[in-house]
Amino acid sequence: MFWRDPQMPHVELRVVKDGRKVCYAPHSHTQWSLGAVTEGQSTFRYRSDEQRISAGSLVLINPDWVHACNPIGNRPWAYLMLYVDVAWLTALRYEAGLLPEPRWQDISTAVLSDPAWHAGYLRLAACLTDPGRDLLDKQTQVVEYLTALMHELAGQAREITRLIRES
């Protein structure tokens with residue numbers, strides 16, 4: 001299932017409840033991608049590494065970087081993948097003071113295993129897919145979560161990071 005909103009064209013969320021049905025050859029996306037494993041385990045091939053990831057892991061994939069995630073031994077696994085427009089995320093990072101100029105810079109972190117960031121991601125996904133939530137709420141959740149995450153990844157965590165982790 002894909003969640004999309006024409007009023008938020010800079011983000012798209014994919015929900016996969018049984019990852020065994022969607023095996024991937026190495027591929028890339030033009031967007032920056034943030035994925036959360038919600039059940040089971042998977043292999044994550046990215047850059048020159050291959051590692052096991054499991055429920056609670058977040059993967060961060062730079063645009064145009066080749067990657068693949070696939071089930072281990074045909075065992076069930078599930079995930080959420082948020083695709084974020086690179087120009088939009090670049091502007092967000094620049095306006096937050098995290099880039100010296102409004103030009104994309106790859107993010108060096110590939111996997112996060114912090115339960116608080118994973119839980120925040122699940123709340124964000126639930127907000128986006130909830131038809132009862134209004135557009136402003138969805139936009140706010142995306143901006144706040146991604147801004148806090150970008151600060152965390154840049155080593156410049158701020159008060160908003162605390163709020164994301166505690167909400």
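Sequence positions are assigned chain by chain, starting from 1 and proceeding in written order. Local features in this predicted model are restricted to residues of pLDDT 70 or higher, and side-chain atom pairs are both shown and tallied only at a pLDDT of 80 or more, whereas totals for entire chains, interfaces and linings draw on every residue. As a rule here, side-chain values come from all non-hydrogen atoms in the structure, and water together with hydrogens is ignored.

1. A closer look at unusual backbone geometry
Here is step 1 of the chain: At R47, a position not held by glycine, the phi torsion is positive, near 60°.
Here is step 2 of the chain: Relative to the helices and strands, R47 is located in the loop between β3 (32-46) and β4 (49-54).
Here is step 3 of the chain: The rule is simple: take the accessible area with a 1.4 Å probe, protein chains only, and divide by the maximum for that residue type; under 20% is buried, over 50% is exposed, in between is partly exposed. You can call R47 partly exposed: its relative accessible area is 36%.
Here is step 4 of the chain: Phi is positive for D64, close to 70°, though the residue is something other than glycine.
Here is step 5 of the chain: Starting at the N terminus, helices and strands are each numbered in turn, a helix being any DSSP run of H or I of at least four residues and a strand any DSSP run of E of at least two. In this structure, D64 sits in the loop between β5 (58-61) and β6 (67-71).
Here is step 6 of the chain: On the accessibility criterion, D64 (53% relative accessible area) is exposed.

2. Remarks on the confidence of the model for the chain
Here is step 1 of the chain: The pLDDT score gives, residue by residue, the confidence of the prediction method on a 0 to 100 scale. Averaged over every residue, the pLDDT of the chain is 90; the share at 70 or more is 91%.
Here is step 2 of the chain: Mean pLDDT across the elements of the chain ranges from a minimum in helix α4 (residues 159-166), with 48, to a maximum in helix α1 (residues 86-95), with 98.
Here is step 3 of the chain: Only heavy atoms enter the contact rule, under which two residues are in contact if any of them lie within 4.5 Å. Scored below 50 in pLDDT, residues 158-163 shows 7 contacts in the model against residues more than four places distant or in partner chains.

3. Overview of the environment of M150
Here is step 1 of the chain: Turning to its location among the elements, M150 is positioned in helix α3 (residues 135-153).
Here is step 2 of the chain: Separated by 57 residues in the primary sequence, M150 and R93 have C-alpha atoms spaced 6.9 Å apart.

4. Some thoughts on the packing of helix α2 (residues 115-129) against α3
Here is step 1 of the chain: One can describe the packing of α2 onto α3 by two numbers: an axis separation of 9 Å at closest approach and a directional angle of 160°. Comparing their axes, α3 and α2 come out roughly antiparallel. Handedness of the crossing formed by α2 with α3: left-handed. Listed contacts from α3 to W117, G120, Y121, L124, C127 and L128 of α2 are D137, K138, Q141, V142, Y145, A148, L149 and E152.
Here is step 2 of the chain: Lys, Arg, Asp and Glu make up the charged group, whereas Ala, Val, Leu, Ile, Met, Phe, Trp, Tyr, Cys and Pro make up the nonpolar group; the residues left over, Gly among them, are polar. Each residue belonging to the contact of α2 with α3 can be placed in one class, and the counts come to 9 nonpolar, 2 polar and 3 charged. In this description, a line fitted to the C-alpha atoms serves as the axis of each element, helices being fitted only across the stretch in contact, and the angle between N-to-C directions of two axes falls anywhere from 0 to 180 degrees. Should an angle fall under 35 degrees it is taken as roughly parallel, and over 145 as roughly antiparallel, whereas 65 to 115 is taken as roughly perpendicular and any remaining angle as oblique. Left-handed describes a crossing whose near helix is turned anticlockwise from the far helix through less than a right angle; right-handed describes the clockwise counterpart.

5. Observations concerning the pattern of salt bridges
Pairs may arise between side chains of opposite charge once their charged atoms sit close together.
Here is step 1 of the chain: The salt bridge definition used is simple: a Lys or Arg side-chain nitrogen within 4 Å of an Asp or Glu carboxyl oxygen. By the definition in use, this model includes 4 salt bridges.
Here is step 2 of the chain: Between R103 and E101 there is a salt bridge, and its shortest N-O distance comes to 2.8 Å.

6. Topic: α2
Here is step 1 of the chain: For a helix, the expected span equals 1.5 Å multiplied by the residue count minus one. In a regular helix each residue adds 1.5 Å, so 15 residues correspond to 21 Å; α2 covers 21 Å between its end C-alpha atoms and thus fits that length.
Here is step 2 of the chain: Burial in α2 covers these residues: A116, W117, H118, G120, Y121, L124, A125, C127 and L128.
Here is step 3 of the chain: Identification of polar contacts relies on pairs of N or O atoms within 3.5 Å, with a donor-acceptor requirement for protein atoms, meaning one able to donate a hydrogen and the other able to accept it, and with residues adjacent in sequence counted only if both atoms are side-chain atoms. The backbone nitrogen of A116 lies 2.8 Å from a side-chain oxygen of the residue at the head of α2, namely D114.

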